Amino acid sequence: MSDANGKAEGSRTIRVDYLARVEGEGSLHLGIRDGAVEDVRLAIFEPPRFFEALLRGRGFGEAPDITSRICGICPVAYMMSAVHAMENAAGVSIAGPIRDLRRLLYCGEWIESHVLHVAMLHAPDFLGYPDAIAMARDHGEHVRRALGLKKAGNDIVRLLGGREIHPINVRVGGFYKVPTRRELSTLTEPLLRARDAARALVDRVAAFPFPEYEQDYEFVALRHPDEYPFNEGRVVSSRGIDIDVADYDSVFEEFQVPHSTALHARIRGRGSYLVGPLARYALNSDLLSPAARDAAAAVGLGPVCRNPYRSILVRAVEVLHACDEALRLIAAYTPPDAPFVAVPVQDAVGLAATEAPRGLLYHRYRIDASGSILDARIIPPTSQNQGAIEEDLRRVATACLDMPDDALQGRCEQTIRNHDPCISCAAHFLKLTVERT
Amino acid sequence: MMRPKLAVWKFASCDGCQLSLLDCEDELLTVADQVEIAYFMEASRATVAGPYDLSLVEGSITTAHDAERIREVRRQSKRLVTIGACATAGGIQALRNFQDVRAFTEIVYARPGYISTLAQSTPIGQHVLVDFELRGCPIDKHQLLEVIAAFIQRRRPVIRTDSVCTECKRRGTVCVMVADGTPCLGPVTQAGCGAICPSFDRGCYGCFGPTESPNTAALAAWWRRLGASDTDILRAYRNFNAWASPFREESEAHERRER
Ligand code: SF4
Ligand code: SF4
């Protein structure tokens, strides 16, 4: 929707009132004057849901179930950051099969969420369709394969978590009930098929027409010495940050912008940064499964990818990695003696970060001696990426100024969808919704 | 024949209930053959103008703007079905309803004066006429498919209204309260999920909301015998369906006793 009425010569406004195929609700405002992009505002107008406030007074064991309701697309990520934060407060660290099962659950969510994004929300942009259903008319086989692959991820989450959205089987200390070896092994067959589908998805996506565009992001992700990161690791960046998660607040800060209901985040004294698949890949590609690494090399993805449109390709590579990792975990599984470890209650602060499909997700809680939450802070990946997304939009719009409005709008939407923003999550943490001047 | 037009609307929510439709991996393309997906922003940038034969509404009403918008959605919809605990009971965000919203806002926001939000998070049925309410946080996708099929065929959906307990019995799950002394909301919670939690050795936490005439007080007494405190009971009833009357009243009773 462009509207040049009543504007000075050479000035135009691109507005996207409702961004489609992103989770949640947002809009984009682009102001262009005399051939220059003057104003870029990615506004998130989700109504506030006040999670950080409503967690106060709740039991520490309730945090995983409550925070999972922040996002229906990545509930496992919220559950994982919450349980790790509570265990951190108690000084408990979980190893062995319970830790492996958590990784397996995360594999399921990565597969399900990435394939949803790659095949259903983002691929239509590259192939010129409004949605995956319209795309299925011409590319039925591909859409069906992708749905099958997505289902393999959901099968993991359902078997281990009880259901796909808002699993019920995660608790502080572990699980309510753990599967037997035989139950888990029912996932093997479908995962082997999923693995082939993931490999095919990488090739398929690699053939998409990617716009030429690179951005010199500062990438931020977890880094673990010997695993592609899910639940644990140090917070590292491509420009030298290497800290314990406990120091997150001293290096990163949130700030308000008047036009959006979500907070932005930046590195103190430095500026915006990027979390998510591109960042994880750039900082950890040496730790991918051999097949995922080979697939990445075969399609010409170097060790670092700075073209955001190719994030769809990195996601496909991560799906392959998650299939491999899931198969490895299932093969090595021996049930733990008990489904969970007792986590003592004490007056303490606990924090943790894990790698949601969309990037680093940080939780911090203060709890009292009775186990009640005194305060909570949750920083989702989308808040952290907002600055980088706006910078992308500014550059993309500048480079594409001679496009007609329709095409420019399409390109901007595609740019936003690259980053797979999860707007409902980000909007739960706003400090400001209305600008009154 | 013209396919009926389906629209999916979002209010304050996590998107999980509408995602259930995209999680119908085996059925999605069939559904798309049967109905015209005319408005579904999470899935498509193409939109077809109303009126719509069936609107699925996710999320609760928390802003003045949304209170207006739901009226417009109702005007455009021949049938309107709410999906999930947010849309049928106000959702987890209705926990604000028990607080002074200003105090609540100040906890989160540096400049609470700028916040434009309603004092309460309310279900869709409190604003407009609703043809059918589908329970769950999130909804069960098989129930969703039944609702869509029923509305296409112009019949009432066949959705059970008994309790989670009866589902446990049907699937042969041993009662976690009787066997392990684990507090469970199953006796007062509407069926639909397939009694997932007890099958995972966990008490039900009520995500499908109250059954038709639940005896919440009797269950609370039972929980007490299992060692639950007023705080535990208060928290159990004040959760994802906290604003549904039976759960609300029971939680308020324990709030008074807690003091
Ligand atoms: S009812 Fe639950 S699953 Fe559905 S939108 Fe609301 S929070 Fe999400
Ligand atoms: S058993 Fe209760 S809490 Fe668990 S999924 Fe079913 S209705 Fe929801």
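Note: the structure precedes this text.
To keep things clear, this report deals only with the structure shown in the data block. Note that the structure is a prediction, hence the values are computed from the model and not measured.

**Section: the overall build of chain A**
Each helix and strand in chain A was counted, giving 15 helices and 13 strands. The buried share of chain A, taken over its 437 residues, is 66%. A separation of at least 24 residues holds for 70% of the contacts in chain A among residues at least 6 apart in sequence. Only carbon and sulfur atoms are counted for the fraction: they give 49% of the accessible area of chain A, which is about 14300 Å².

**Concerning the packing of aromatic side chains**
If you walk through the whole model with that rule in mind, you get 15 aromatic pairs over all chains. A ring pair is formed by A:Tyr213 and A:Tyr309, whose centres lie 6.1 Å apart and whose planes are at 70°; its orientation type is edge-to-face. Within this pair, whereas A:Tyr213 is found in the loop between α8 (188-206) and β6 (220-223), its partner A:Tyr309 is found in the loop between α11 (290-298) and α12 (311-331), the two being separated by 96 residues in sequence. Among the residues examined, A:Tyr309 registers a relative accessible area of 1% and is labelled buried. Every member of this aromatic cluster is reached through a ring pair, and the members are A:Tyr106, A:Trp110, A:Tyr228 and A:Phe230. Across from the ring centre of A:Tyr176, 5.1 Å away, lies the NZ or CZ of A:Arg171, which sits over that ring. Taking NZ or CZ as reference, B:Arg238 lies 3.7 Å from the ring centre of B:Phe98, over its face.

**Considering the site of ligand 1**
B:Cys14, B:Cys17, B:Ala85, B:Cys86 and B:Cys137 are the nearest of the 14 residues found near ligand 1. Classifying every residue of the shell around ligand 1 gives six nonpolar, five polar and three charged.

**A few points about the site of ligand 2**
All residues in the neighbourhood of ligand 2 are listed as A:Arg163, B:Val164, B:Thr189, B:Cys193, B:Ile196, B:Cys197, B:Pro198, B:Cys204, B:Tyr205, B:Gly206, B:Cys207 and B:Phe208. Proximal residues around ligand 2 fall on chains A and B, making this an inter-chain site. Broken down by element, the shell around ligand 2 gets its largest block of residues, three residues, from helix α9 (residues 196-199) of chain B. The class makeup of the residues in the shell around ligand 2 is nine nonpolar, two polar and one charged.

**Regarding the pattern of salt bridges**
Residue and element names in this part refer to chain A. On inspection of all chains with the given rule, the structure shows 47 salt bridges over all chains. Notably, a salt bridge pairs Glu218 with Arg239, separated by 3.8 Å at the nearest N-O pair. Remark: Arg239 occurs in the loop between β7 (234-237) and β8 (242-243) and Glu218 occurs in the loop between α8 and β6; sequence separation between them is 21 residues. Residue Arg239 is classed as partly exposed on the basis of its relative accessible area, which comes to 41%.

**Observations concerning the sheet that holds β6(A)**
All names here are of chain A. One open sheet holds the three strands; their spatial order is β6-β7-β8, and the pairing between them is antiparallel. The open sheet has two edge strands with one neighbour each: β6 and β8. One ladder, built from four bridges, connects β6 with β7; its direction is antiparallel. Looking at β7, one finds that Val220 is bridged to Ser237. The strands that helix α10 (residues 277-284) touches are β6 and β7; relative to β6, the one it contacts most, it runs at about 50°.

**Remarks on unusual backbone geometry**
Most peptide bonds take the trans form, and the phi angle of most residues other than glycine is negative. Residue and element names in this part refer to chain B. Geometrically, the link from Gly50 to Pro51 is a cis peptide bond, its omega value of 0° lying close to zero. Positionally, Pro51 belongs in the loop between β2 (36-40) and β3 (52-58). Cis rather than trans, the peptide bond between Cys137 and Pro138 has omega equal to 5°. Within the secondary structure, Pro138 sits in the loop between β5 (132-134) and α6 (141-152).

**Notes on the side chain of B:Thr62**
Mapped onto the fold, B:Thr62 is located in the loop between β3 and α3 (64-76). Leave out the neighbours within four places in its chain, and B:Thr62 touches A:Pro47, B:Ala12, B:Gln93, B:Arg96, B:Thr117, B:Leu118, B:Gln120 and B:Ser121.

Calculation criteria
Residue positions are counted from 1 within each chain, in the order its sequence is given. In the order they appear in the text, chains get letters beginning with A and ligands get numbers beginning with 1. Residues qualify for local features only when their pLDDT is at least 70, as the model is predicted, and side-chain atom pairs are given and counted only at 80 or more; totals for whole chains, interfaces and linings, by contrast, use all residues. Each side-chain value is derived from all of the structure's non-hydrogen atoms; neither hydrogens nor water enter the calculation. Secondary structure is summarised from DSSP: a helix means a run of H or I of at least four residues, a strand means a run of E of at least two, and numbering begins at the N terminus for each. Buried means the residue's accessible area, taken with a 1.4 Å probe over protein chains only, is under 20% of the maximum for its type, while exposed means over 50%, and partly exposed covers the values in between. What makes two residues a contact is simply this: any of their non-hydrogen atoms within 4.5 Å. Per-residue and other accessible areas follow the Shrake-Rupley method at a 1.4 Å probe size, with only the shown protein chains counted as cover for residues. Here a Phe, Tyr or Trp ring, Trp counted by its six-membered ring, pairs with any other such ring whose centre lies within 6.5 Å, and the pair is stacked when the planes are under 30 degrees apart, edge-to-face when over 60, and tilted otherwise. For a Lys NZ or an Arg CZ to count as sitting over a ring, it must be within 6 Å of the ring centre and within 35 degrees of the ring normal. Each residue is tested against the molecule or strand, and it is near if at least one of its non-hydrogen atoms lies within 4 Å. In this classification, Asp, Glu, Lys and Arg are treated as charged, Ala, Val, Leu, Ile, Met, Phe, Trp, Tyr, Cys and Pro as nonpolar, and every other residue, Gly included, as polar. The salt bridge criterion pairs a side-chain nitrogen of Lys or Arg with a carboxyl oxygen of Asp or Glu, the two atoms within 4 Å. Any two strands with at least two DSSP bridges between them are considered paired. Axis geometry follows a simple rule: fit a line to the C-alpha atoms, using only the stretch in contact for helices, then measure angles between N-to-C directions, giving values from 0 to 180 degrees.

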